[in-house]
Amino acid sequence: MVAGTKLKSRYIKKTPGGHTITRSDIMHKDIVKFDNAFPDGVFASPAPAESPKVKIRALDKYCKEHGVRPKDLTEEEMQQFLIY
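Keep in mind that what you see is a predicted model, and the values were worked out from it rather than measured.

1. Some details on helix α2 (residues 56-66)
No. 1: Of the positions making up α2, those classed as buried are L59, Y62 and C63. Looking straight down α2, one finds its buried side chains confined to an arc of 95°; they lie on one side. In α2, the exposed positions that point more than 90 degrees away from the buried face belong to R57, K61, K64 and E65.
No. 2: Summarising the contacts, the buried residues of α2 are in contact with β3 (53-54) and α3 (75-79).

2. A word on the nonpolar core
No. 1: Counting five residues, the largest nonpolar core consists of L59, Y62, C63, L73 and F81.
No. 2: Excluding anything up to four places from it in sequence, Y62 contacts L73, E77, Q80 and F81.

3. Here we look at the environment of K55
No. 1: Within the secondary structure, K55 is located in the loop between β3 and α2.
No. 2: Overall, the relative accessible area of 39% leaves K55 in the partly exposed class.
No. 3: In this structure, the C-alpha to C-alpha distance between K55 and F81, residues 26 residues apart in sequence, is 5.1 Å.
No. 4: For K55, the residues in contact, after removing those within four places along its chain, are Q80, F81 and I83.

4. Examining the pattern of salt bridges
No. 1: Applying the stated rule across the entire model yields one salt bridge.
No. 2: Notably, a salt bridge pairs K64 with D60, separated by 3.3 Å at the nearest N-O pair. Of this pair, K64 and D60 both sit in helix α2, four residues apart, roughly one helical turn.
No. 3: A relative accessible area of 63% means that K64 is categorised as exposed.
No. 4: For D60, a relative accessible area of 38% gives the class partly exposed.

Quick notes on the rules
- Residues numbered from 1 in each chain as written.
- Predicted model: local features only at pLDDT ≥ 70, side-chain atom pairs only at ≥ 80, totals over all residues.
- Heavy atoms only, no water.
- Buried < 20%, exposed > 50% of the residue type's maximum accessible area, 1.4 Å probe, protein only.
- Helix = DSSP H or I, 4+ residues; strand = E, 2+ residues; numbered from the N terminus.
- Arc of directions from axis to C-beta.
- Contact = heavy atoms within 4.5 Å.
- Core = buried A, V, L, I, M, F, W, Y, C linked by side-chain atoms within 4.5 Å.
- Salt bridge = Lys/Arg side-chain N within 4 Å of Asp/Glu carboxyl O.

Have a look at this one:
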């Protein structure tokens, strides 16, 4: 044990039934509550209005077929995937 270190108990409290509630129990309840707030599983925020819209699937297919990464495309190649 290191001198001057205070270790906090991982046990928060006991229920009347004798079960000990730990921090992980509380964290698990918080995670479940958060997950239930997004029933479709989407955790995203909308893109800014000024950002370009991109046909992602078509871009991915093109990059796989040509063996390039999206960041390596020229402006002309990228234009075909932008939605105006």
